[in-house]
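# Structure assessment
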Amino acid sequence: RCHVIKNPIESLTPTPSSVPSDRPLHVACIGRVNHLKGTDVFLDAVARMNRRGVRISMFGPLDGRESFTQDCLQRAENLGVRHAALAPKHVWDDAPDVLVVPSRSEVQPFVLLEAAARGVPAVCSDVGDCADMVAGSDHVWGRVVPRERPGALAHAIEDIITRDLEELGQAAHRYAAEHHAPERF
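Summarised in this report is the structure supplied together with it. (Residues numbered from 1 in each chain as written. Predicted model: local features only at pLDDT ≥ 70, side-chain atom pairs only at ≥ 80, totals over all residues. Heavy atoms only, no water.)

Here we take up the packing of helix 3 (residues 110-118) against helix 6 (residues 165-180). Direction vectors running N to C along helix 3 and helix 6 enclose 115°, while the axes themselves pass 6 Å from each other. As far as their axial angle goes, helix 6 and helix 3 are roughly perpendicular. Relative to helix 6, the crossing made by helix 3 is left-handed. Touching Leu113, Ala116 and Ala117 of helix 3 are Ala172, His173, Tyr175, Ala176 and His180, all from helix 6. Its residues placed into classes, the contact of helix 3 with helix 6 shows six nonpolar, two polar and no charged. (Axes fitted to C-alpha atoms, helices over the stretch in contact; angles between N-to-C directions. Helix = DSSP H or I, 4+ residues; strand = E, 2+ residues; numbered from the N terminus. Parallel < 35°, antiparallel > 145°, perpendicular 65-115°, else oblique. Left-handed = near helix turned anticlockwise from the far one by under 90°. Contact = heavy atoms within 4.5 Å. Nonpolar A, V, L, I, M, F, W, Y, C, P; charged D, E, K, R; others polar.)

What follows concerns the side chain of Asn34. Structurally, Asn34 is set in the loop between strand 1 (25-30) and helix 1 (39-48). A relative accessible area of 10% means that Asn34 is categorised as buried. With near-sequence residues (within four places) excluded, Asn34 lies in contact with Thr39, Asp63 and Phe68. (Buried < 20%, exposed > 50% of the residue type's maximum accessible area, 1.4 Å probe, protein only.)

Okay, the nonpolar core next. With 28 residues, the main nonpolar core has Val27, Phe42, Ile56, Val81 and Leu153 as its most contacted residues. Going through the elements one at a time, strand 1, helix 1, strand 2 (54-59), helix 2 (66-79), strand 4 (98-101), helix 5 (150-160) and helix 6 are the ones with two or more residues in this core. When neighbours within four sequence positions are excluded, Phe42 is seen to be in contact with Cys29, Ile56, Ser57, Met58, Val81, Val100, Pro102 and Leu153. In terms of nonpolar packing, the next biggest core, distinct from the first, is built from 27 residues, Trp92, Val101, Val134 and Tyr175 among them. (Core = buried A, V, L, I, M, F, W, Y, C linked by side-chain atoms within 4.5 Å.)

Geometric values such as these leave the question of function open.
See below:
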(Lines give C-alpha, C1' and ligand atoms only; values in the text may rest on other atoms or scores of the structure.)
Protein backbone atom coordinates (compact mmCIF):
# COMPACT_ATOMS: atom_id res chain seq x y z
CA ARG A 1 0.00 0.00 0.00
CA CYS A 2 1.09 3.51 -0.76
CA HIS A 3 -0.14 6.69 0.91
CA VAL A 4 0.49 10.19 -0.38
CA ILE A 5 1.39 12.56 2.41
CA LYS A 6 0.44 16.07 1.41
CA ASN A 7 2.27 19.18 2.52
CA PRO A 8 0.54 20.97 5.39
CA ILE A 9 -0.03 24.71 5.38
CA GLU A 10 -1.54 27.03 7.93
CA SER A 11 -4.84 28.51 6.85
CA LEU A 12 -4.16 32.18 6.22
CA THR A 13 -6.52 35.09 5.99
CA PRO A 14 -7.64 35.15 2.38
CA THR A 15 -6.44 38.00 0.22
CA PRO A 16 -9.45 40.01 -0.96
CA SER A 17 -10.27 38.47 -4.33
CA SER A 18 -12.47 41.21 -5.69
CA VAL A 19 -10.25 43.61 -7.58
CA PRO A 20 -10.82 47.26 -6.69
CA SER A 21 -11.78 49.26 -9.75
CA ASP A 22 -8.99 51.77 -9.07
CA ARG A 23 -6.20 49.32 -9.92
CA PRO A 24 -5.41 46.82 -12.65
CA LEU A 25 -5.79 43.09 -12.10
CA HIS A 26 -2.45 41.61 -10.94
CA VAL A 27 -1.26 38.33 -12.53
CA ALA A 28 2.04 36.93 -11.24
CA CYS A 29 4.38 34.03 -11.84
CA ILE A 30 6.16 33.13 -8.61
CA GLY A 31 9.20 30.87 -8.76
CA ARG A 32 12.87 30.64 -9.57
CA VAL A 33 13.67 32.13 -12.98
CA ASN A 34 14.78 28.99 -14.81
CA HIS A 35 13.92 26.47 -17.51
CA LEU A 36 12.36 23.88 -15.19
CA LYS A 37 9.98 26.45 -13.68
CA GLY A 38 8.85 27.50 -17.18
CA THR A 39 9.71 31.18 -16.95
CA ASP A 40 10.13 31.29 -20.74
CA VAL A 41 6.72 29.62 -21.22
CA PHE A 42 5.15 32.28 -18.99
CA LEU A 43 6.79 35.06 -21.00
CA ASP A 44 5.70 33.45 -24.30
CA ALA A 45 2.13 33.36 -22.93
CA VAL A 46 2.30 36.98 -21.81
CA ALA A 47 3.45 38.00 -25.31
CA ARG A 48 0.27 36.41 -26.74
CA MET A 49 -2.14 37.94 -24.25
CA ASN A 50 -4.33 41.01 -24.40
CA ARG A 51 -2.88 42.71 -21.32
CA ARG A 52 -5.15 45.76 -21.20
CA GLY A 53 -6.11 46.38 -17.58
CA VAL A 54 -3.72 43.69 -16.32
CA ARG A 55 -0.44 44.14 -14.44
CA ILE A 56 2.00 41.24 -14.96
CA SER A 57 4.81 40.41 -12.52
CA MET A 58 7.44 37.74 -11.92
CA PHE A 59 8.76 37.10 -8.42
CA GLY A 60 11.62 34.78 -7.63
CA PRO A 61 15.34 34.31 -7.36
CA LEU A 62 17.58 34.15 -10.39
CA ASP A 63 19.06 30.86 -11.51
CA GLY A 64 22.74 30.28 -12.17
CA ARG A 65 22.27 29.66 -15.91
CA GLU A 66 23.35 33.12 -16.93
CA SER A 67 22.23 33.13 -20.60
CA PHE A 68 18.73 31.75 -19.93
CA THR A 69 18.19 34.06 -16.96
CA GLN A 70 19.41 37.15 -18.81
CA ASP A 71 17.26 36.28 -21.83
CA CYS A 72 14.18 35.95 -19.61
CA LEU A 73 14.88 39.21 -17.80
CA GLN A 74 15.38 41.03 -21.12
CA ARG A 75 12.16 39.57 -22.53
CA ALA A 76 10.31 40.52 -19.34
CA GLU A 77 11.56 44.09 -19.61
CA ASN A 78 10.57 44.26 -23.29
CA LEU A 79 7.07 43.02 -22.41
CA GLY A 80 6.68 45.41 -19.47
CA VAL A 81 6.70 42.56 -16.96
CA ARG A 82 8.10 43.59 -13.59
CA HIS A 83 10.57 41.18 -11.96
CA ALA A 84 11.62 41.20 -8.33
CA ALA A 85 14.03 38.70 -6.80
CA LEU A 86 12.35 38.77 -3.39
CA ALA A 87 13.10 36.63 -0.38
CA PRO A 88 10.37 33.98 0.06
CA LYS A 89 8.82 35.71 3.07
CA HIS A 90 8.25 38.89 1.00
CA VAL A 91 6.86 37.31 -2.17
CA TRP A 92 3.27 37.65 -0.99
CA ASP A 93 3.63 41.30 0.12
CA ASP A 94 2.34 42.34 -3.33
CA ALA A 95 -0.18 39.50 -3.57
CA PRO A 96 -1.41 38.74 -7.06
CA ASP A 97 -5.08 38.33 -7.94
CA VAL A 98 -4.10 35.27 -10.03
CA LEU A 99 -1.03 33.05 -9.67
CA VAL A 100 0.57 31.37 -12.71
CA VAL A 101 2.71 28.22 -12.29
CA PRO A 102 3.94 27.23 -15.79
CA SER A 103 6.44 24.58 -14.63
CA ARG A 104 7.82 21.83 -16.81
CA SER A 105 8.20 19.58 -13.78
CA GLU A 106 6.90 19.70 -10.21
CA VAL A 107 5.85 17.38 -7.44
CA GLN A 108 3.56 19.40 -5.16
CA PRO A 109 4.54 23.07 -5.51
CA PHE A 110 4.30 24.89 -2.21
CA VAL A 111 3.55 28.14 -4.02
CA LEU A 112 0.18 26.67 -5.06
CA LEU A 113 -0.55 25.85 -1.42
CA GLU A 114 0.43 29.37 -0.40
CA ALA A 115 -1.91 30.78 -3.05
CA ALA A 116 -4.76 28.50 -1.96
CA ALA A 117 -4.29 29.39 1.71
CA ARG A 118 -4.49 33.07 0.74
CA GLY A 119 -7.51 32.53 -1.51
CA VAL A 120 -5.67 33.33 -4.75
CA PRO A 121 -6.89 31.45 -7.87
CA ALA A 122 -4.23 29.82 -10.06
CA VAL A 123 -3.41 28.75 -13.60
CA CYS A 124 -0.87 25.93 -13.73
CA SER A 125 0.63 23.37 -16.05
CA ASP A 126 -0.43 19.74 -15.78
CA VAL A 127 2.68 18.39 -14.06
CA GLY A 128 3.12 16.50 -10.81
CA ASP A 129 0.21 16.99 -8.42
CA CYS A 130 -0.74 20.42 -9.84
CA ALA A 131 -3.91 19.32 -11.68
CA ASP A 132 -5.27 17.51 -8.62
CA MET A 133 -4.44 20.47 -6.41
CA VAL A 134 -6.16 23.09 -8.59
CA ALA A 135 -8.97 21.11 -10.22
CA GLY A 136 -9.59 17.89 -8.31
CA SER A 137 -12.69 15.74 -8.02
CA ASP A 138 -14.17 17.85 -5.21
CA HIS A 139 -12.83 21.32 -5.97
CA VAL A 140 -11.89 23.78 -8.74
CA TRP A 141 -10.08 27.01 -7.97
CA GLY A 142 -8.20 27.61 -11.20
CA ARG A 143 -7.27 26.33 -14.63
CA VAL A 144 -4.86 23.58 -15.71
CA VAL A 145 -3.13 23.52 -19.10
CA PRO A 146 -0.73 21.10 -20.82
CA ARG A 147 2.92 21.84 -20.03
CA GLU A 148 5.00 23.86 -22.50
CA ARG A 149 1.90 25.23 -24.26
CA PRO A 150 2.17 29.04 -24.08
CA GLY A 151 -0.91 29.53 -26.28
CA ALA A 152 -3.04 27.42 -23.95
CA LEU A 153 -1.51 29.19 -20.94
CA ALA A 154 -2.32 32.62 -22.39
CA HIS A 155 -5.89 31.54 -23.12
CA ALA A 156 -6.33 30.12 -19.59
CA ILE A 157 -5.02 33.33 -18.00
CA GLU A 158 -7.30 35.46 -20.17
CA ASP A 159 -10.22 33.16 -19.32
CA ILE A 160 -9.68 33.07 -15.56
CA ILE A 161 -9.46 36.84 -15.23
CA THR A 162 -12.99 37.07 -16.68
CA ARG A 163 -14.33 34.68 -14.02
CA ASP A 164 -15.57 35.44 -10.53
CA LEU A 165 -12.20 35.66 -8.77
CA GLU A 166 -13.87 36.03 -5.39
CA GLU A 167 -15.69 32.72 -5.81
CA LEU A 168 -12.54 30.97 -7.09
CA GLY A 169 -10.55 32.48 -4.20
CA GLN A 170 -13.03 31.14 -1.68
CA ALA A 171 -12.80 27.69 -3.30
CA ALA A 172 -8.99 27.90 -3.09
CA HIS A 173 -9.10 28.79 0.59
CA ARG A 174 -11.54 25.92 1.30
CA TYR A 175 -9.24 23.53 -0.57
CA ALA A 176 -6.26 24.52 1.58
CA ALA A 177 -8.28 24.19 4.80
CA GLU A 178 -9.86 20.84 3.86
CA HIS A 179 -6.86 19.13 2.27
CA HIS A 180 -3.72 20.67 3.78
CA ALA A 181 -4.53 21.92 7.28
CA PRO A 182 -1.77 20.80 9.71
CA GLU A 183 -4.27 19.15 12.06
CA ARG A 184 -5.12 16.68 9.27
CA PHE A 185 -1.65 15.17 9.51
